[in-house]
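# Fold and geometry: a report
Each chain is listed here by its residues.
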Amino acid sequence: MPLPAEILASLTLPVVASPMFIASGPELVAAQCQAGVIGSFPALNARPQSLLRDWLQQIQESNDAFAEANPGTPVAPFAVNQIVHRSNSRLEDDMAVIVEHRVPIVITSLGAVPEINEAVHSYGGLVLHDVVNNAFAHKAIDKGADGIIAVATGAGGHAGTLSPFSLVQEIREWFNGPLLLSGSIANGRSILAAQVLGADLAYVGSAFLSTHEANVVPGYKEMIVNSTAADIVYSNLFTGVHGNYLRGSIVAAGLDPDNLPTSDPSAMDFGQSGTDAKAWRDIWGSGQGIGTIRSIQSTADLIAQLRTEYQEACATTPVLSPLAWSGQS
């Protein structure tokens, strides 16, 4: 099944903004949707749990008001991320709220469960599942997910270790449905590159950490602007799952980023770690693509910049005939 035409028609850029723990809230999501990309947030960001219903209503009302004030301007749908893991005690309650509000897109992580997919499908919603390898992609589709988010090396948060080239080509060997690519995508040329590899949409996260609407402290935004790929550390210490984090935040927490211990994956916990510092409050996540982020700006301005870069890349990237490689003319 391809991406629904009504979703594609609402986009001004082939991008889904990835859900970022703590950072993604209703202000950021609404700004993303109103600038023409699919915005998203983790359900667990709405704390206490009763706040989730308020957030969904706030996003929908903001998008509706923008659409009414700007007729003819596309407004993209939004998505909610569900952590499908035994450590998430809210999963059932959050799913009830998601179904009640008919959330257009649900992004599932760390577990593929048919009942979750069936609940979203009951009202016509779309389920995208994030994976770090081809085996997990097969499992997700077998259990009823509609599409795959391929999380390659260099992505922010809980990233995989595979090259985007290997991951996308293995999935595309058998799957022709919706495919998104995540991993170091932070400018327009990278968005186009994701499509050239075979993805339908790019999955962009860390670039939005430097926006005014991101729910992070000013120091986090400044560190994003001032850091590069060399400042990213890959560790499982903080949640039990390997992820990418800003070196400066690890140092600020009194830890040596070059000599971090490992954590027991069976003790996965998204609020605690083996240290006094918490992910993502004290230890700040980020992908490797942030070297292109040079300023703190509004979400609308960032997306406009990405759109300009993408259009320039489309116009200037050479399209070579196969004959050119065979020596024929």
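One can find the structure itself at the top, above this paragraph.
Right, let's walk through the structure included here. (Residues numbered from 1 in each chain as written. Predicted model: local features only at pLDDT ≥ 70, side-chain atom pairs only at ≥ 80, totals over all residues. Heavy atoms only, no water.)

## Brief notes about the pattern of salt bridges
Using the criterion set out here, one finds five salt bridges in the structure. A salt bridge links Arg53 to Glu100, with the nearest nitrogen and oxygen atoms 2.7 Å apart. Here the residue Arg53 occupies a position in helix α3 (residues 51–69), and Glu100 occupies one in helix α4 (residues 91–100), the gap between them amounting to 47 residues. (Salt bridge = Lys/Arg side-chain N within 4 Å of Asp/Glu carboxyl O. Helix = DSSP H or I, 4+ residues; strand = E, 2+ residues; numbered from the N terminus.)

## Concerning the packing of aromatic side chains
Scanning the entire structure with this criterion turns up four aromatic pairs. Pairing Phe41 with Trp55 gives two aromatic rings, centres 5.4 Å apart and planes at 65°, and the pair type is edge-to-face. Linking Phe41 in strand β2 (residues 39–42) with Trp55 in helix α3, this pair joins segments that are 14 residues apart in sequence. No difference in accessibility class separates Phe41 from Trp55, as the two residues are buried. With a centroid separation of 5.1 Å and 70° between ring planes, the pair formed by Phe238 and Tyr245 is classed as edge-to-face. Tyr245 matches Phe238 in its accessibility class, with the two residues each being buried. (Phe/Tyr/Trp six-rings, centres within 6.5 Å; stacked < 30°, edge-to-face > 60°. Buried < 20%, exposed > 50% of the residue type's maximum accessible area, 1.4 Å probe, protein only.)

## Some remarks on the pairing of strand β7 (residues 179–182)
Here β7 shows no split at all, with Leu179 and Leu181 on one side and Leu180 and Ser182 on the other all buried. With four bridges joining them, strand β6 (residues 147–151) and β7 adopt parallel strand pairing. From the neighbouring strand, Ile149 faces β7, where its bridge partner is Leu180. Handedness of the β6-helix α7 (residues 164–172)-β7 crossover: right-handed. Following the chain from β7 across helix α8 (residues 188–197) to the adjacent parallel strand β8 (residues 201–204), one finds a crossover that is right-handed. (Pairing = 2+ DSSP bridges. Right-handed = clockwise from strand over helix to strand, strands pointing away.)

## Let's talk about the sheet that holds β8
Working definition: the strands of a sheet are paired by backbone hydrogen bonds and lie parallel or antiparallel to each other. One open sheet accounts for eight strands, arranged β1-β8-β7-β6-β5-β4-β3-β2; its pairing is parallel. Strand pairing shows two members of the sheet lacking a second neighbour, β1 (15–17) and β2, which therefore form its edges. The average undirected angle you get between the axes of adjacent strands in this sheet is 25°. Strand contacts of helix α5 (residues 114–121): β4 (105–109) and β5 (126–131), with the helix running at about 150° to β5, the strand carrying the most contacts. (Axes fitted to C-alpha atoms, helices over the stretch in contact; angles between N-to-C directions. Contact = heavy atoms within 4.5 Å.)

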